[in-house]
Amino acid sequence: RGKKKHHRIIMNGNLMDFLDEPFPDVSTYEDFHTIDWLREKSRDTDRHRKITTKSKESYWELIKSLLDAWSGWVVMLLIGMLTGTLAGVIDLAVDWMTDLKEGVCLSAFYYSHEQCCWTSNETTFDDRDKCPQWQKWAELMTGHSEGAGAYVLNYFLYVLWALLFSFLAVSLVRVFAPYACGSGIPEIKTILSGFIIRGYLGKWTLLIKTVTLVLAVSSGLSLGKEGPLVHVACCCGNLFCSLFSKYSKNEGKRREVLSAAAAAGVSVAFGAPIGGVLFSLEEVSYYFPLKTLWRSFFAALVAAFTLRAINPFGNSRLVLFYVEYHTPWYMAELVPFILLGVFGGLWGTLFIRGNIAWCRRRKTTLLGKYPVLEVIVITGITAVLAFPNPYTRRSTSELISELFNDCGALESSQLCDYVNNPNMSRPVDDIPDRPAGPGVYSALWQLALALIFKIVITIFTFGMKIPSGLFIPSMAVGAIAGRIVGIAVEQMAYHHHDWIIFKNWCRPGADCVTPGLYAMVGAAACLGGVTRMTVSLVVIMFELTGGLEYIVPLMAAAVTSKWVADAFGKEGIYESHIQLNGYPYLDVRDEFTHRTLATDVMRPRRSEPPLAVLTQDSTTVEDVETLIKDTDYNGFPVVVSRESERLIGFVQRRELTVAIKTARQKQDGVVSSSVVYFTEDNPQVAEACDPQPLKLRRILNLSPFTVTDHTPMETVVDIFRKLGLRQCLVTRSGRLLGIITKKDVLRHMAQMMNQDPESIMFN
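Under an unreviewed UniProt entry, the name given to the protein chain is Chloride channel protein, and the source organism is Oncorhynchus kisutch. What UniProt records for the protein chain under Sequence similarities (unreviewed entry) is the sentence "Belongs to the chloride channel (TC 2.A.49) family."

This is the structure:
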């Protein structure tokens, strides 16, 4: 009966087009491939059109369409809440574990040093860090808190805890989630530009990254938690995308959500919601429509709000380094600010060159085979060198906080050991400039040593196999340099207040120079030199510190550091890491100025075999299967015939495989010798004994993007960049000549810049 039925269908000429039912999973791409933005966008438009027409049919469909429209905001709400919660937990855990290296709280072991002494009644104001409930390890074990023996024991335990934390971190990363290492921002930039890295934003990565981030930061290594928090936020975004088919089935829409998630990540990392939105716009995102701007604003708001509800710092402020100085700054101070900008640019260049050279070594030599050993050695060196110096012993955030602080009447820090004038009676907050005491000079020495230590060790730390952010160490380098410059300027102004530059601004007995402000400007300059951010950097800095009056000095330093760093090389640290890993990332900022044409770049070249194509009505199923097996191209152009080579369309490799597989299972009569048709009209079957043809018109893309062979490469690069193409066909008067893929474009650009074109590894 099957045979009769088969004949009957063909006799009617009415070939059953089984392809009206959708394929399972055709939308997905292979791992390490680039998505086609145009295709994703048109698929979303189709989906939207369907929903709109359906919503007019019944109330139920109308409610469904409203829910669909709301799903974007729901996803943002969920991302904000989860990211804020995780950030709060990370902050609390890091606080406690950092203090665990030095001692323990007896009243409740889960209290950090600060929380322990809050609950104490015996704390006096002068010794607010000392309270009987908090005991250092030596005191707890031997009963002595002073002396050489206690120092050595504390030293030993400090190093031991640091090694334990970092060993745990690197082991967890190695065993459970290899993608959880590093900062994550270079990969997120690549993913947002349309690349697919399966598992990079998965559930395991989220879990392991959160845990190991706490361990890595607590181990005292020179790294921050800011970059990884962006990765954690994007993992949350990906997690919630999978709940809504609108996002899980469309890679383009998913990337809009991830852009907003990145904003939420920065928002909780620094307590800077607006800075987060600008960071996502300026630094990470590739495609950033207005809708995403509002959504990321909302996500950043919810995340900041959640973090504020958890209140990890206990001071009901979101900002990490709150500053309270309100002295005006003077025009003459722009000179040291700009010099700090120059220092920031030079440090950025030095860091990028050194770090990339070291990472390249790690990739090419034996070093890369022993990630655990490398982490343990670097942690050991860091801990041994950091303990003797009180400025490097504490966590980097605390160090920055102290450097940003102004010396009030109540400060107990060594940096505030000025010589007080006994007959001075002035209000408490406005303390005049004073000569530096011995404490300030010894603090300056320790800071200078800390500066050298931080500069060197950060180069080797960033890029190891543990979660490591870059913001905090860069800011620390800048803050130390800035504080040293600030104290120098302050002492100059005090001792030489009759000089012409100080005369009209510094009266004797007035408070005219704020060293903390210099630390803030230095931190911004160094961060700008490494990452090349400008707008978002300044906004993050003043949201971080609450110092609104100092926008102009921050802008001056940020712009100077960008200019100086750009003079030595256009790439920031993230772009350099993308290049090092060979990801296919077309940077929007790169300019292509060479006068090459599409013919120079397209494949096949003269020496290569001709292009693999399908014909519209003469290829058999077997031919197609052989072609798929022998090649690894992403898709195949379809032509009228091999003689005329007139282009009809383009068919994706994955869709072709799925279609043939489905047809073999569901449609009887399809065998290896069946002919595959891509034509509009139904194929005529002459003989009844011929095998049943297979019609695949539906998967054929009839509007592939084409350029002519004389199109300048400048235009082609622009088309690829702005439309997010994956491949583009080259024709001459309708005849197909070749194909240009994104990888070809990137290789060509690398070649033109005298780099190794083989470094671009992925499709």
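From this point, the discussion proceeds with the structure in view.
### Here's the deal with the overall build of the protein chain
Helix and strand counts for the protein chain stand at 29 helices and twelve strands. For the protein chain, the spread of C-alpha atoms along the principal axes amounts to about 115 × 60 × 55 Å. Within the protein chain, buried positions represent 54% of all 763 residues. Put simply, of all contacts in the protein chain between residues at least 6 apart along the chain, 74% involve residues at least 24 apart. For the protein chain, the distance from the average position of its 75 positive side-chain charges to the average position of its 74 negative side-chain charges is 7 Å.

### Points about the state of the cysteines
In a disulfide, the sulfur atoms of two cysteines are held together by a covalent bond. Following the criterion strictly, the structure yields one disulfide and no others. Shown here is the disulfide that connects Cys105 with Cys116, its sulfur atoms set 2.0 Å apart. One quick way to see it: the torsion about the S-S bond of Cys105 and Cys116 is about 80°, and its sign makes the bridge right-handed. A residue pair is termed long-range when its members are at least 10 positions apart, and Cys105 in strand β1 (residues 103–105) and Cys116 in helix α4 (residues 113–118) qualify at eleven residues. An identical accessibility class is assigned to Cys105 and Cys116; each is buried.

### Observations regarding the pattern of salt bridges
In total, this model carries 30 salt bridges according to the counting rule given. Note that Lys189 and Glu575 form a salt bridge whose closest N and O atoms lie 2.5 Å from each other. You can see Lys189 sitting in helix α7 (residues 185–192) and its partner Glu575 sitting in helix α24 (residues 573–581), a full 386 residues away along the chain. Each member of the pair, Lys189 together with Glu575, is buried. Notably, a salt bridge pairs Glu575 with Arg589, separated by 3.3 Å at the nearest N-O pair.

### Thoughts on the sheet that holds strand β8 (residues 694–695)
The strand order across the open sheet built from three strands is β4-β7-β8, with neighbouring strands paired in mixed fashion. Both outer strands of the open sheet, β4 (619–620) and β8, are each paired with one neighbouring strand and no more. Of the pairings in the sheet, the one linking β4 to strand β7 (residues 675–677) comprises two bridges and is antiparallel in character. Counted as the bridge partner of Thr620 is Val675 from β7.

The rules behind the values
- Residues numbered from 1 in each chain as written.
- Predicted model: local features only at pLDDT ≥ 70, side-chain atom pairs only at ≥ 80, totals over all residues.
- Heavy atoms only, no water.
- UniProt positions renumbered as here; feature names shortened; annotations may be inferred.
- Helix = DSSP H or I, 4+ residues; strand = E, 2+ residues; numbered from the N terminus.
- Buried < 20%, exposed > 50% of the residue type's maximum accessible area, 1.4 Å probe, protein only.
- Contact = heavy atoms within 4.5 Å.
- Lys, Arg positive; Asp, Glu negative; His and termini not counted.
- Charge placed at Lys NZ, Arg CZ, Asp CG, Glu CD.
- Disulfide = S-S within 2.5 Å.
- Salt bridge = Lys/Arg side-chain N within 4 Å of Asp/Glu carboxyl O.
- Pairing = 2+ DSSP bridges.

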